[in-house]
Amino acid sequence: MRKTYSRQIQPGLAFRNFRIAGSLLLAGLLLQGCKPLPPSKPASEFTQQEARGSAVFQAHCARCHYPTTTQGLHGPGLQALTKMKAMPSGAPPTDARITQTILYGHGMMQPVAVSDTDLRDLLAYLHTL
Ligand code: HEC
């Protein structure tokens, strides 16, 4: 009697487990797809260097790039730029590559002339995005 019972119930249980595992997997995939960007550092917590970098950004970059979203203006939005695996071009967002983009331009972006100090401050700021 007991044997028959367990035979009847087991296929159902296995199917339910499979469905639960499937939904968890799906939920995980969906979450991954809509994963929000890591938060930017609030301006109120900026170091002096980051604050100076923010001013450099306003003066030289803001007319073409939003810092608070990845939506494009004239160029791509730069939120979380240094926390991404790759920049829109596919290049890794290292300080060296970003410096190269700024000083020598990239594709449609013209070179931007900034002093060494401004560049260092700007990079510090870009890391807060
Ligand atoms: C006149 C508009 C303009 C200005 C000013 C400008 N950019 Fe850009 N930027 C662009 C455009 C357009 C692109 C896209 C280039 C392409 O992929 O062809 C771009 C791309 C980039 C990229 C992505 C590069 C990649 O490899 O995908 C970074 C990072 C960037 N800009 C940073 C900056 C910074 C920092 C400043 C300020 C020093 C700045 N830009 C100033 C227009 C501008």
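Here, the structure is the one placed above.
Every value quoted in this text rests on a predicted model; they were computed, and no experiment measured them.

So, how was this worked out
Residues numbered from 1 in each chain as written. Predicted model: local features only at pLDDT ≥ 70, side-chain atom pairs only at ≥ 80, totals over all residues. Buried ≥ 20, exposed ≤ 12 C-beta atoms within 10 Å, placed from the backbone. Helix = DSSP H or I, 4+ residues; strand = E, 2+ residues; numbered from the N terminus. Contact = placed C-beta atoms within 7 Å. Core = buried A, V, L, I, M, F, W, Y, C linked by C-beta atoms within 7 Å. Axes fitted to C-alpha atoms, helices over the stretch in contact; angles between N-to-C directions. Parallel < 35°, antiparallel > 145°, perpendicular 65-115°, else oblique. Left-handed = near helix turned anticlockwise from the far one by under 90°. Nonpolar A, V, L, I, M, F, W, Y, C, P; charged D, E, K, R; others polar.

Things to note about helix H4 (residues 116-126)
Every buried residue of H4 is accounted for by Asp 121, Leu 122, Ala 124, Tyr 125 and Leu 126. Buried-residue contacts for H4 involve helix H2 (48-60) and helix H3 (95-104).

Considering the nonpolar core
Formed by Val 56, Leu 78, Ile 98, Ile 102, Leu 122, Ala 124, Tyr 125, Leu 126 and Leu 129, the largest nonpolar core amounts to nine residues. For this core, the element with the most residues is H4, which contributes four residues. Every residue in contact with Tyr 125, bar those within four places of it in the chain, is listed here: Glu 50, Gly 53, Ser 54 and Phe 57.

Some points on the packing of H3 against H4
Here H3 crosses H4 at 120°, and the two axes come no closer than 11 Å. Between H3 and H4, the crossing angle belongs to the class labelled oblique. Between H3 and H4 lies a crossing of right-handed hand. Contacts between H3 and H4 involve Asp 95, Ile 98, Thr 99 and Ile 102 from the former and Leu 119, Leu 123 and Leu 126 from the latter. Residues belonging to the contact of H3 with H4 are distributed by class as follows: five nonpolar, one polar and one charged.

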